[in-house]
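# Working through the structure, step by step
Now for the letters of each chain:
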Amino acid sequence: MKALLGRGPEALQELAGQLESIQAPTHALSDVRFLPPVPDAAKFLCVGKNYRSHLEELKRTDLIKELPQEPTGFVKLNDCLTGHDRDVVRPPTVTHLDYEPEMVFVIGKPAYQIKPENALSYVAGITILNDLTCRDTQKREVASGSRFWTAKNAPGFGPLGPFIITMDEVADPYDIWVTCSVNGEQRMRVNTNEQIWRLARIIEHFSRLVPLEVGDMFSTGAPGGVAVGKANAEALFLKPGDVVECAFESPAMVLRNRIVAP
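Everything quoted here is computed from the prediction, not taken from an experiment.

### Quick look at the overall build of the chain
When its secondary structure is counted, the chain shows 6 helices and 15 strands. Taking 2.2 N^0.38 as the reference for a compact globule, 262 residues should give roughly 18 Å; the C-alpha atoms of the chain span a radius of gyration of 18 Å, in line with that estimate. Along the three orthogonal principal directions, the C-alpha set of the chain runs to about 50 × 45 × 30 Å. Within the chain, buried positions represent 53% of all 262 residues. A fraction of 79% describes how many contacts in the chain between residues 6 or more apart in sequence connect residues 24 or more apart. Approximately 12400 Å² of the chain is accessible, and the part contributed by carbon and sulfur atoms is 53%. Between the averaged position of the 28 positive side-chain charges in the chain and that of its 33 negative side-chain charges there is a distance of 6 Å.

Structure, rendered in structure tokens:
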């Protein structure tokens, strides 16, 4: 995928033309094993505290000790990523496993010291991350002043995909309804227009010192409505057997995973 994106928009147009010439699918979708659309990004930066409603949840539950004055972030490791329709093992020590549906931007060309007005031209497309989080571990890490790396980087804690939607198919990245359902019950429905830090500011902020490469990704934060913020959180945390679906309504895409026991 990085090689394809690195060849630029012309390569994507050429590929689209080839796909249009195919008369019938060569593989049944049920036979396809999905991997993360970018499994080997040099950098996967996750912007935290980027929805006001989620900030309030974090404050109520002692999962935040400060209010951000600029974009903040943590890193999602490649080792934690998994694909659409893949099982995710809930480790035996984890009882408070939470869901976080997030819109992700995929960088399409090298970017360094970028001005906000040019930022979108460096984006190839968007995809979905379910930023699975162990809330017990996160709370301990916040109390110790760390950026909760381990709480979010267990194997399988980064379902991603299933596809990259190219920007020509995205009418407005800040008017997308993001949903999360568990066992068919909708738990969240939030519009991306509620984000505090938008892509232009995010890319400007991080690219001041960090060169961005093709295939790098920015997850843009969890909206309000996660399990930990609810009064009945204990009943909502993910358990073995639960099926989680994170989705965009338009342009439509669904990322589905099942939680399983070790």
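### Here we look at the sheet that holds strand β6 (residues 101-107)
In spatial order, the strands read β2-β1-β13-β6-β7-β10; together these 6 strands make up an open sheet with mixed pairing. Two strands lie at the open edges of the sheet, namely β2 (72-75) and β10 (165-166), each paired on one side alone. In the sheet, strand β1 (residues 44-48) pairs with strand β13 (residues 217-219) via 3 bridges, with the strands oriented parallel. Counted as the bridge partner of Leu 45 is Phe 218 from β13.

### Some remarks on the sheet that holds strand β14 (residues 243-248)
Reading across the sheet, the 5 strands line up as β4-β15-β14-β11-β12 and stay open at both edges, with mixed pairing between neighbours. Pairing within the sheet leaves two strands with one partner each, and these edge strands are β4 (87-89) and β12 (185-191). Strand-to-strand twist in this sheet, taken as the mean axis angle between neighbours without regard to direction, amounts to 20 degrees.

### Details of the environment of Leu 236
As for its position among the elements, Leu 236 is in helix α6 (residues 233-236). Classification of Leu 236 by relative accessible area gives buried; the value is 11%. Residues Leu 236 and Asp 98 lie 138 residues apart in sequence; the distance between their C-alpha atoms is 8.2 Å. Setting aside anything within four residues of it in sequence, one finds Leu 236 in contact with Tyr 99, Arg 187, Ala 227 and Lys 230.

### Some thoughts on the pattern of salt bridges
All chains considered together, the criterion is met by 15 salt bridges. A salt bridge links Glu 14 to Arg 7, with the shortest nitrogen-to-oxygen separation between them at 3.7 Å. Where Lys 43 meets Asp 216, a salt bridge forms, and the shortest distance between an N and an O atom there is 3.0 Å. Of the two residues, Lys 43 sits in the loop between α2 (9-20) and β1 while Asp 216 sits in the loop between α5 (199-207) and β13, which places them 173 residues apart along the sequence. Both residues of the pair, Lys 43 and Asp 216, belong to the buried class.

### Concerning the packing of aromatic side chains
Within the structure shown, the criterion is met by 3 aromatic pairs. The interplanar angle of 70 degrees and the centroid separation of 5.8 Å between the aromatic rings of Phe 34 and Phe 163 together place this pair among those described as edge-to-face. With a gap of 129 residues between them, Phe 34 in the loop between α2 and β1 and Phe 163 in the loop between β9 (158-159) and β10 connect regions that are remote in the sequence. Assessed through its relative accessible area of 42%, Phe 163 is described here as partly exposed.

### Concerning the side chain of Lys 43
Accessibility expressed as a relative area gives 17% for Lys 43, which makes it buried. There is a polar contact of 3.4 Å between the side chain of Lys 43 and the side chain of Glu 213. Ignoring anything within four residues of it in the chain, the contact list for Lys 43 reads Val 210, Pro 211, Leu 212, Glu 213, Asp 216 and Met 217.

### Brief notes about a nonpolar patch on the surface
On the surface, Leu 15, Leu 19 and Ile 22 cluster together into a nonpolar patch covering about 260 Å² of accessible area. Looking at where Ile 22 falls in the secondary structure, it is placed in the loop between α2 and β1. In this structure Ile 22 comes out as partly exposed when scored by relative accessible area, which is 44%.

### Considerations on the pairing of β1
Most of β1 is tucked away, with 5 of its 5 residues classed as buried. With burial as the criterion, each face of β1 is covered, one bearing Phe 44, Cys 46 and Gly 48 and the other bearing Leu 45 and Val 47. In this structure, β1 lies alongside β2, joined through 4 bridges in antiparallel fashion. Opposite Leu 45, over in β2, you have Val 75 as the bridge partner.

So, how was this worked out
Residues numbered from 1 in each chain as written. Predicted model: local features only at pLDDT ≥ 70, side-chain atom pairs only at ≥ 80, totals over all residues. Heavy atoms only, no water. Helix = DSSP H or I, 4+ residues; strand = E, 2+ residues; numbered from the N terminus. Rg over C-alpha atoms; globule rule 2.2 N^0.38 Å. Buried < 20%, exposed > 50% of the residue type's maximum accessible area, 1.4 Å probe, protein only. Contact = heavy atoms within 4.5 Å. Areas by Shrake-Rupley, 256 points an atom, 1.4 Å probe, with all protein chains shown as cover. Lys, Arg positive; Asp, Glu negative; His and termini not counted. Charge placed at Lys NZ, Arg CZ, Asp CG, Glu CD. Pairing = 2+ DSSP bridges. Axes fitted to C-alpha atoms, helices over the stretch in contact; angles between N-to-C directions. Salt bridge = Lys/Arg side-chain N within 4 Å of Asp/Glu carboxyl O. Phe/Tyr/Trp six-rings, centres within 6.5 Å; stacked < 30°, edge-to-face > 60°. Polar contact = N/O pair within 3.5 Å; in protein donor to acceptor, adjacent residues only side chain to side chain. Patch = residues over 30% accessible without salt bridge, like charges linked within 9 Å, V, L, I, M, F, W, Y side chains within 5 Å.

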